[in-house]
Amino acid sequence: MTNPMNNLLNAPEAILVLKMADDKLFLGHMQSDWTGLGPILEEDIASSSMAQDDLSHALVLYEYLGNRFGLDPDVIAYEREPGQYLCCDLVTVPDEFNWATSLVRRWLFTHYAAPVLDQLALFEDKELVERARKLRAEEALHVEYLDDWMRRLGSGSDEARDRIQKAIDLLSTHAGMLFELPGRDLEPDDSFCCSRSELFKEWDTNTSSVLEQAGLMMQVELPDLKTIGGRNGVHADHFAAAHAEMGTVRSADPGAAW
Amino acid sequence: MSKIREQGFTFADELPPATDSVVGHYVVYTQKKEGAPHRYAGWLNAPDIDMATKYACEHYGQDESCVNIWLHDRTQMHETPVSDTPLPGEDTPDDPGAPTWAVFTQKRRGDIHVEQGHVQVADQEAALSAAISRFGMDMTQVRVVPRDSMASTEVDRVIWRTHDQGYRLAKGYSKSVRAKWDAFRKTEDIEEYRKDDIENHF
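Quick caveat, the model's predicted, so the values are computed rather than measured.

Asks: How would you sum up the overall build of chain A? Please name residues and give values.
Replies: Check the secondary structure of chain A and you find eleven helices and zero strands. Whereas a compact globule of 258 residues would reach a radius of gyration of roughly 18 Å, chain A reaches 18 Å, a difference of no more than 12%. The principal-axis extent of the C-alpha atoms belonging to chain A is close to 60 × 40 × 35 Å. Taken over 258 residues, chain A has a buried fraction of 41%. For chain A, contacts bridging at least 24 residues in sequence account for 74% of all contacts bridging at least 6.

Asks: Tell me about the overall build of chain B, and name the residues and values.
Replies: Helices and strands together make up the secondary structure of chain B, namely four helices and eight strands. The N-to-C order of helical and strand elements in chain B reads β-β-α-β-β-β-β-α-β-β-α-α. The proportion of buried residues among the 202 residues of chain B is 28%.

Asks: Give a description of unusual backbone geometry that names residues and reports values.
Replies: Negative phi values dominate among residues other than glycine, just as trans dominates among peptide bonds. Although it is not a glycine, F97 of chain A sits at a positive phi angle of roughly 55 degrees. Within the secondary structure layout, F97 of chain A lies in the loop between helix 4 (73-78) and helix 5 (99-120). With a phi close to 70 degrees, D156 of chain B is a non-glycine residue in the positive phi region. With respect to the helices and strands, the residue D156 of chain B is situated in the loop between strand 8 (151-152) and helix 3 (170-186).

Asks: Report on the interface of chain A and chain B, specifying residues and quantitative values.
Replies: How big an interface is tends to be stated in terms of accessible area lost as the parts join. Listed by partner, the interface residues are 24 residues for chain A and 19 residues for chain B. At the level of elements, helix 3 (41-69), helix 6 (126-154) and helix 10 (237-246) of chain A are the ones that each hand at least two residues to the side of chain A that touches chain B. By residue number, the principal contributor to the side of chain A that touches chain B is helix 3 of chain A, which donates eight residues.

Asks: Before we move on, can you summarise the environment of L216 of chain A with the specific residues and values?
Replies: Residues and elements named next belong to chain A. Note on placement: L216 falls in the loop between helix 9 (196-214) and helix 10. By the C-beta count within 10 Å, which is 22 here, L216 ends up buried. For the pair formed by L216 and I45, sequence separation is 171 residues and the distance between their alpha carbons is 27 Å. With residues up to four places along the chain from it excluded, the contact list for L216 reads G154, I164, Q165, I168 and L211.

Asks: Could you give an account of the nonpolar core, naming the residues involved and the relevant values?
Replies: Residues V17, L90 and V104 of chain A are the most contacted members of the largest nonpolar core, which totals 61 residues. Per-element accounting of this core gives the leading share, eleven residues, to helix 5 of chain A. In contact with V17 of chain A, other than residues within four places in its own chain, are L61, Y64, L65, L120 and L128 of chain A. In this structure, L71, A102, V121 and I159 of chain B belong to the second largest nonpolar core, which totals 39 residues.

Asks: An account of the packing of helix 3 of chain A against helix 6 of chain A is requested, with residue identities and associated values reported.
Replies: Residue and element names in this part refer to chain A. Running from N to C, helix 3 and helix 6 cross one another at 170 degrees; their axes reach a closest spacing of 10 Å. In this view, helix 3 runs roughly antiparallel relative to helix 6, as classed from their interaxial angle. Across the interface between the two elements, M50, D53, H57, V60, L61 and Y64 from helix 3 touch E127, L128, R131, L135, E138 and H142 from helix 6.

Asks: Provide a residue-level description of the pairing of strand 7 (residues 141-146) of chain B, including the pertinent values.
Replies: All names here are of chain B. Within strand 7, five of the six residues are buried, which leaves the element mostly enclosed by the surrounding structure. Two strands pair when backbone bridges link them, and strand 4 (residues 78-79) and strand 7 are joined in this way by two bridges, in the antiparallel orientation. Note that in strand 7 the partner of E79 across the bridge is R143. Here strand 5 (residues 100-106) pairs with strand 7 via six bridges, running antiparallel. When the bridges of strand 7 are listed, T105 appears paired with V142.

Asks: Describe the packing of helix 5 of chain A against helix 6 of chain A, listing the residues and the values that go with them.
Replies: Relative orientation and spacing of two packed helices are given, respectively, by the angle between their axes and the distance between those axes. Residue and element names in this part refer to chain A. Closest axis-to-axis distance for the helix 5/helix 6 pair is 8 Å, and the angle between their directions is 150 degrees. When the axis of helix 5 is compared with that of helix 6, the two are roughly antiparallel. Our pair here, helix 5 against helix 6, has a crossing hand that is left-handed. Note on element contacts: helix 6 touches helix 5 through L128, A132, L135, R136, E139, A140, H142, V143, L146, W149 and M150, opposite L103, R106, W107, T110, H111, A113, A114, L117, D118 and L120. Per-class residue counts for the contact of helix 5 with helix 6 are 14 nonpolar, three polar and four charged.

Asks: Lay out the environment of V67 of chain B in plain terms, naming residues and giving numbers.
Replies: Residue and element names in this part refer to chain B. Along the chain, the position of V67 falls in the loop between helix 1 (49-58) and strand 3 (68-73). Of the residues examined, V67 has 19 C-beta atoms within 10 Å and is grouped as partly exposed. For V67 and S152, which are 85 residues apart along the polypeptide, the C-alpha to C-alpha distance reads 11 Å. In this structure V67 touches Q31, K33, E34 and I159, once residues within four positions along its chain are discounted.

Asks: So what about the confidence of the model for chain A? Which residues, and what values?
Replies: Averaged over chain A, the pLDDT score is 92; the fraction of residues at 70 or greater is 96%. Within chain A, helix 8 (residues 190-193) of chain A has the poorest average pLDDT of any element, 58, and helix 5 of chain A the best, 97.

Asks: Please provide a residue-by-residue account of helix 3 of chain A, values included.
Replies: Helix length check: helix 3 of chain A, at 29 residues, gives a terminal C-alpha distance of 42 Å against a target of 42 Å (1.5 Å per residue), a fit within 8%. Backbone geometry just after helix 3 of chain A places G70 of chain A at a positive phi near 70 degrees.

Asks: Break down the confidence of the model for chain B for me, with residues and values.
Replies: On average, residues of chain B score 84 in pLDDT, and 76% of them are at 70 or above. Predicted complex, confidence summary: ipTM 0.86, pTM 0.85.

Conventions used here
- Residues numbered from 1 in each chain as written.
- Chains lettered and ligands numbered in written order.
- Predicted model: local features only at pLDDT ≥ 70, side-chain atom pairs only at ≥ 80, totals over all residues.
- Helix = DSSP H or I, 4+ residues; strand = E, 2+ residues; numbered from the N terminus.
- Rg over C-alpha atoms; globule rule 2.2 N^0.38 Å.
- Buried ≥ 20, exposed ≤ 12 C-beta atoms within 10 Å, placed from the backbone.
- Contact = placed C-beta atoms within 7 Å.
- Core = buried A, V, L, I, M, F, W, Y, C linked by C-beta atoms within 7 Å.
- Axes fitted to C-alpha atoms, helices over the stretch in contact; angles between N-to-C directions.
- Parallel < 35°, antiparallel > 145°, perpendicular 65-115°, else oblique.
- Pairing = 2+ DSSP bridges.
- Left-handed = near helix turned anticlockwise from the far one by under 90°.
- Nonpolar A, V, L, I, M, F, W, Y, C, P; charged D, E, K, R; others polar.
- pLDDT = per-residue confidence, 0-100.
- Expected span 1.5 Å × (residues − 1).

Take a look at the structure:
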């Protein structure tokens, strides 16, 4: 008897969608911690709105996978083992309520998400293409918004520049693993590797352009293919903490309708 | 708040001393559909009008479906006093070389201000007078704002998200709650409870 979850986790195209959905689920969850605590009221509202975008983008992608594999989107989101989540380390790095860290975490990710959504919009599956196009248009808002803040803080006071540079230094060590390939146990598939270096190049060009305008520095190298991390279910401790917390309500009464 | 973040974290010595930052107060109008008038949505604080535009998109632009946003610094608007009697105004012909003023009116006291059109005249007094004459009939207040002081979202910019946003809407939520409440009220239990309740308390 086939298991729909195993089918999903062993379908090369599906896990390319799943890694984006998992990234957005955890990033949205982490950023939601700031609701009510933003540095100023409007920034609080805006960042909460964009965190909600990330969570609902995850839902849009889980729904697609659910339709394709006969699974409830909530089951895909909440009822996998930790090793079956494919998000990168960056999205669950704790920001310790440092606004600069939370901002840079989103900024590094959104420049990755935009071209990946472009790629998903080129797939043959019409339903996926339609969903990816909608999300891509909204991701552009995140890119524009976060780029603006990076420029403002980089060209602001000494303290602002120092804080944002420290956040870049902290998070850039995780950024290369955005590009880790998922599904090492699967049969080799062209869709996994043909665009990894091009994707990194695009990300590097776009982030470098903003950093130059902001007067900030960042060094990120593409890790070699042997380096294994979150995209293959090998997660850091901070993922385990975020995963446990995110599933608290769901696991309190498994199978209940909410 | 996340339990993860409560572990060993403290705000002590974390925040810098307050600075005398300059914050502007911006008035926001949203347009629900293409061709519809812009209607007052609210106001917000921001460091400048560019940031205010972004904030307006994430704040008032997410209250309900919206295709365009206008905003201006609140010091740029000029208004008549609120009046229940006809406002005095004298029309001045538009001058193609003069500044353009957006006109907003309030129909009853407490109503929101709605875009009515524009006048093209030399100064704020002439603008208010012309706006009253052309758009102020039966209105309690008329407001004019120089168009060149106003910011607008770009044409075709995505404001209201295009994927299903029904869950964000209060009306969607209340519909669902009403359905559950109606179902609940139809059960005999609630009628029995109500009888007991009346018997015991009244």
